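A closer look at the structure
If you want the building blocks of each chain, they are given just below.
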Amino acid sequence: MSDYNIRHARRDLYSAGRDMWVPVVPAMNFLVAYGKGSLKISEDCAAVVEKLYIYSYAIRALVKKEPDRVRVVGPLEGTWSVEDLRTFRREDKNSWE
């Protein structure tokens, strides 16, 4: 069996198109970290991202020997929110959550 790569298997979710649409995303499992502020200036955020990759590769190593299991670590993804949408438009990343 070849390695499963979600970016290739679900191009509908991981590729940009010309038109805007609302994707239908199936239930999936993720490692998640919550925080606030800009990724570029937060030392805590950098440490959390590093830990996400450490855990992701540790899980990958555990399932690597099992047939029919995911063997490629997926891309780092972010979901952002703000209380005031004007803040989001100004790209005041320190107020993003």
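Reading the values: the criteria
Each chain carries its own residue numbering, running from 1 in the direction its sequence is written. At least 70 in pLDDT is required for a residue's local features to be given in this predicted model, at least 80 for side-chain atom pairs to be given and counted, and no such filter applies to totals for whole chains, interfaces and linings, which use all residues. By convention in this description, side-chain values take in all heavy atoms of the structure and omit both hydrogens and water. Numbered from the N terminus, helices here are DSSP runs of H or I no shorter than four residues, and strands are runs of E no shorter than two. Throughout this description, buried means an accessible area under 20% of the type-specific maximum (1.4 Å probe, protein chains only), exposed means over 50%, and partly exposed covers the range between. Only heavy atoms enter the contact rule, under which two residues are in contact if any of them lie within 4.5 Å. Accessible surface area values rest on a Shrake-Rupley calculation with a 1.4 Å probe, where residue burial reflects the displayed protein chains alone. For Phe, Tyr and Trp, where Trp contributes only its six-membered ring, two rings pair if their centres lie within 6.5 Å, and the inter-plane angle classes them as stacked under 30 degrees, edge-to-face over 60, or tilted in between. In the cavity and pocket records, a cavity denotes points on a 1 Å grid over the protein atoms alone where a 1.4 Å probe fits but cannot get out, a pocket denotes an open set with protein on both sides within 12 Å along at least 5 of 7 lines, and lining residues are residues with an atom within 4 Å of a point. Grid points are joined across faces, edges and corners, and a volume is the space filled by probe spheres set on the points. Note on residue categories: nonpolar means Ala, Val, Leu, Ile, Met, Phe, Trp, Tyr, Cys or Pro, charged means Asp, Glu, Lys or Arg, and polar means any other residue, Gly included. Each residue carries a pLDDT score, the predictor's own confidence in it, on a scale running from 0 to 100. Every case where a carboxyl oxygen of Asp or Glu lies within 4 Å of a side-chain nitrogen of Lys or Arg is listed as a salt bridge. Expected helix span is given by 1.5 Å per residue-to-residue step, counting one fewer step than there are residues. Within this analysis, the arc is defined by the directions that extend from the helix axis to the C-beta atoms.

1. Describing the overall build of the chain
- Check the secondary structure of the chain and you find 4 helices and 0 strands.
- The 97 residues of the chain split such that 12% are buried.
- For the chain, long-range pairs separated by at least 24 residues make up 47% of all intrachain contacts whose partners lie at least 6 apart in sequence.
- Per element, the accessible surface of the chain, about 8500 Å² overall, is 54% carbon and sulfur.

2. Things to note about the packing of aromatic side chains
- In total, this model carries 1 aromatic pair according to the counting rule given.
- Here Tyr53 and Tyr57 contribute two aromatic rings whose centre-to-centre distance is 6.5 Å and whose plane-to-plane angle is 25°, an arrangement assigned as stacked. With a gap of 4 residues between them, Tyr53 and Tyr57 both fall in helix H3 (residues 43-63), about one helical turn apart.
- With relative accessibility at 32%, the residue Tyr53 sits in the partly exposed group.

3. A word on the layout of surface pockets
- Approximately 180 Å³ is the volume attributed to the second largest pocket.
- Around the second largest pocket, the lining residues are Leu13, Tyr14, Val25, Met28, Phe30, Glu77, Gly78 and Thr79.
- Classifying every residue of the lining of the second largest pocket by side-chain character gives 5 nonpolar, 2 polar and 1 charged.

4. A short note on the confidence of the model for the chain
- Chain-level pLDDT for the chain is 79 on average; 90% of the residues reach the 70-or-more range.
- Model confidence for the chain, summarised as mean pLDDT per element, is weakest for helix H4 (residues 85-89) at 73 and strongest for H3 at 85.

5. Let's talk about the environment of Ile59
- Note that Ile59 resides in helix H3.
- Along the primary structure Ile59 and Val73 are separated by 14 residues, whereas in three dimensions their C-alpha atoms are 9.1 Å apart.

6. Some details on the environment of Ser38
- Within the secondary structure, Ser38 is located in the loop between helix H2 (11-14) and H3.
- Its relative accessible area of 10% is what places Ser38 among the buried residues.
- Counting along the chain gives 58 residues from Ser38 to Trp96, while the straight-line C-alpha distance between them is 7.3 Å.
- Beyond its immediate chain neighbours, meaning those up to four positions away, Ser38 contacts Lys93 and Asn94.

7. Quick look at the pattern of salt bridges
- Tallied over the full model, the rule gives 1 salt bridge.
- With a closest N to O distance of 2.7 Å, Arg10 and Asp12 form a salt bridge.

8. Quick notes on H3
- Counted at 1.5 Å a residue, the expected span for H3 with its 21 residues is 30 Å, and the 31 Å between its end C-alpha atoms agrees.
- Buried residues of H3: Cys45, Leu52 and Val63, and no others. Take H3 and look down its axis: the buried residues cluster within an arc of 20°, on one side only. Counted as exposed and oriented over 90 degrees from the buried face of H3: Glu43, Glu50 and Leu62.

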